[in-house]
Amino acid sequence: MRRRVVITGLGTVTPLGNSAPDTWEGICAGRSGIGRITKFDSTRFKTKIAGELKNFDPLNFVSKKELRHMDDFIIYALAAAEMAVADAGLVVGQGSGGANGDRVGVIIGSAIGGLATVENGTETILKEGPGRVSPFLIPAVLPNLGAGHVSIRFGAKGPIGCPVAACAAGTCAIGDAARIIREGDADVMIAGGAEAAITPLALGGFNAMRALSMNNDYPERASRPFDRDRDGFVISEGGGLVILEEMSRALDRGARIYAEVSGYGCTSDAFHMAAPPPGGEGAVRCMQAALRDAGMNPAHVDYINAHGTATVANDRYETEAIKTVFGEHAGTLAVSSTKSMTGHLLGAAGGIEAIIAAMALYEGLLPPTINLDHPDEQCDLDYVPHRPRKKNIQAALSNTFGFGGVNAVLALKKFEGTNG
């Protein structure tokens, strides 16, 4: 019998807030987390805005010594993990009610890893020579060290991994983790994504690709998915992790269950390193795969948290893909891009957006797409413009698509069993 997987804990650090409740409150308020870049001098860059964390104190989660040896993406992973574990009431390897550490795993994706550490290390070599490079540089750079540090902190000795799958990394992490539990190789997984790529090199690189919004005068209005005046995505930072748990175990301990992870799809466009194929053909197959894995009829889906980056091609082709998958039902389901508020957290986006989709199911609230003032004529679905909407949602998809042609989609269901 196929084991069922549920979400019992949430942890986030995002431009909207330094916890899952604060982030969700920002979503419900339709508030933008975008502002002027303060992490470095952006004067010479075309883009001067980003979704930075605000009032985040890393010393709440790591010591001063650890702070010197870790890249920010690792700290964001640890912060989100601490909050998710606490939210789930999870104890690893302690007492009769604790989870056996051998049966607890960690999968945390990241698109880029420790880019700021790479830049700082390069500057050190050029100015002071190779003898001044820190011995902690490589462990701070490697994308899998977010998962590594979380595993060490909680004594999680089960499966470990780090999908480096561009902007689909966080979704791939949750999907892979759910499959591990489903197949019986773990009972609990800490999964999601973390990213800290608001750096000069990332900004310069994305500007060279003409991928970023340059609406510098109005940062809060810059992220405009599905709007005719959109001019690119807004880069953001943070982390989003969930506690996934085998359902009977969660019920036995009386855990609160936010949603069930019922399906996962992952496909490749095999088309282009950055652009989606016309009609979003790869996204079509990916959504269909997630629905098939969930045993879910397309007509049962009430809500899609779209990838919705506010780039012209992505928004149009994702809209076309949804129409292909859902047919006439596409006109009645709700679709929103919460990147309009959070910006694009790259490899952490899938973790954050899966959490938002889970909360939408749990709270019965459709998150809005803000800044949708003049919808693109080719983007004509119900994007829940400007304000959230109450609705008893039964099933949702969370879409993420990334460079290299990777597509990843999670299918979530409202949990109808006994809940804590």
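Because the structure is predicted, anything quoted here is derived from the model rather than measured. (Residues numbered from 1 in each chain as written. Predicted model: local features only at pLDDT ≥ 70, side-chain atom pairs only at ≥ 80, totals over all residues. Heavy atoms only, no water.)

**Focus: the overall build of the protein**
Put simply, the rule is: Helix numbering and strand numbering both begin at the N terminus, where a helix is a DSSP run of H or I of at least 4 residues and a strand a DSSP run of E of at least 2. Our radius of gyration looks at C-alpha atoms and nothing else; its globule reference is 2.2 Å times the residue count to the power 0.38. Burial classes follow relative accessibility: with a 1.4 Å probe on protein chains only, a residue under 20% of its type's maximum area counts as buried, one over 50% as exposed, and anything between as partly exposed.
Along its length, the protein carries 13 helices and 14 strands. Taking 2.2 N^0.38 as the reference for a compact globule, 420 residues should give roughly 22 Å; the C-alpha atoms of the protein span a radius of gyration of 20 Å, in line with that estimate. Each principal axis of the C-alpha atoms in the protein carries an extent, and together these give about 60 × 60 × 40 Å. Out of the 420 residues belonging to the protein, those deemed buried represent 61%.

**Points about the domain arrangement of the protein**
As a reminder of what qualifies: Per the annotation, domain bounds derive from an automatic or database assignment of domains. In this description, contact between two residues means that some pair of their heavy atoms is separated by no more than 4.5 Å. The quantity reported as buried area is the accessible area (1.4 Å probe) lost by two parts once they are put together, taken as the sum for both. Any carboxyl oxygen of Asp or Glu that lies within 4 Å of a side-chain nitrogen of Lys or Arg is treated as forming a salt bridge with it.
Here the domain parsing of the protein yields domain 1 (5–252) and domain 2 (264–413). Distance between the C-alpha centres of domain 1 and domain 2: 21 Å. Listed per partner, the contact involves 65 residues of domain 1 and 59 residues of domain 2. Surface buried jointly by domain 1 and domain 2 totals about 4500 Å² across both partners, of which 69% is contributed by carbon and sulfur atoms. The tally of links from domain 1 across to domain 2 stands at four salt bridges. A salt bridge links Asp315 to Arg230; the shortest N-O distance between them is 3.1 Å.

**Let's talk about the sheet that holds strand β1 (residues 5–13)**
Operational definition: Strands qualify as paired when DSSP identifies two bridges or more between them. Fitted lines through C-alpha atoms serve as axes, helices being fitted only where they are in contact, and the angles separating the N-to-C directions of these axes extend from 0 to 180 degrees.
The ten strands lie next to each other as β5-β4-β6-β7-β1-β8-β14-β13-β9-β10, forming an open sheet whose pairing is mixed. Because the sheet does not close on itself, it has two edges, and the strands there are β5 (160–161) and β10 (334–336). Across the sheet, helix α7 (residues 169–182) lies against β1, β4 (104–109), β6 (188–195), β7 (238–246), β8 (259–268), β13 (395–402) and β14 (406–413), angled at about 170 degrees from β6, the strand it touches most.

**Here's the deal with the state of the cysteines**
Two cysteines, two sulfur atoms, one covalent bond between them: this is a disulfide. Selection criterion: Two cysteine sulfurs form what is called a disulfide whenever their separation falls within 2.5 Å.
All told, the structure shown has zero disulfides when counted by the stated rule. The thiol of Cys172 is not disulfide-bonded; the next cysteine sulfur, from Cys266, is found 4.2 Å away. Among the cysteines around Cys286, which has no disulfide bond, Cys266 carries the closest sulfur, lying 6.0 Å off.

**Here's the deal with the environment of Pro375**
Among the structural elements, Pro375 can be located in the loop between β11 (365–366) and β12 (389–390). C-alpha separation for the pair Pro375 and Val91, spaced 284 residues apart in sequence, amounts to 47 Å. Once residues lying within four places of it in the same chain are set aside, the contact partners of Pro375 are Phe226, Asp227 and Arg228.

**What to know about the pairing of β13**
Most of β13 is tucked away, with eight of its eight residues classed as buried. Residues Ala395, Leu397, Asn399 and Phe401 of β13 are buried on one face, and the alternating residues Ala396, Ser398, Thr400 and Gly402, pointing to the opposite face, are buried as well. Relative to β13, strand β9 (residues 303–305) is paired through three bridges, and the arrangement is parallel. Across the sheet, residue Ile304 finds its bridge partner in β13, namely Leu397. Strand direction decides the pairing type here: β13 and β14, joined by eight bridges, are antiparallel. Residue pairing across strands places Ala396 opposite Leu412, the latter belonging to β14. The antiparallel hairpin formed by β13 and β14 contains three residues in its connecting segment, where Gly404 sits at a positive phi of about 90 degrees.

**Structural notes on helix α10 (residues 281–294)**
An α-helical turn contains 3.6 residues, so any two residues separated by three or four positions project in the same direction. As a reminder of what qualifies: Helix span, expected: 1.5 Å multiplied by one less than the number of residues in the helix.
Here α10 contains 14 residues, and its C-alpha end-to-end distance of 20 Å stays within 8% of the 20 Å for a straight helix at 1.5 Å per residue. Counting buried residues along α10, ten of its 14 residues qualify, which places the element largely inside the surrounding structure. A positive phi of about 65 degrees marks Gly295, the residue just after α10.

**What to know about the packing of aromatic side chains**
Our working rule: Two rings from Phe, Tyr or Trp (for Trp, the six-membered ring) form a pair when their centres are within 6.5 Å of each other. A pair whose planes differ by under 30 degrees is stacked, one over 60 is edge-to-face, and the rest are tilted. Remark: a charge is flagged as sitting over a ring if the NZ atom of Lys or the CZ atom of Arg is within 6 Å of the ring centre and within 35 degrees of the ring normal.
Going through the model one piece at a time under the given rule, you end up with seven aromatic pairs. Taken together, a centroid distance of 5.8 Å and an interplanar angle of 10 degrees make the contact between Phe56 and Phe61 stacked. As far as the burial class goes, Phe56 and Phe61 line up, both buried. For the pair Phe206 and Phe233, a centre-to-centre distance of 5.2 Å together with 80 degrees between the ring planes defines the contact as edge-to-face. Here the residue Phe206 occupies a position in helix α8 (residues 200–208), and Phe233 occupies one in the loop between α8 and β7, the gap between them amounting to 27 residues. Both residues of the pair, Phe206 and Phe233, belong to the buried class. Three or more aromatic residues joined by ring pairs make a cluster, and in this case those are Phe56, Phe61 and Tyr76. Across the ring face of Tyr218, the terminal group of Arg221 is positioned such that the distance to the ring centre comes to 4.8 Å.

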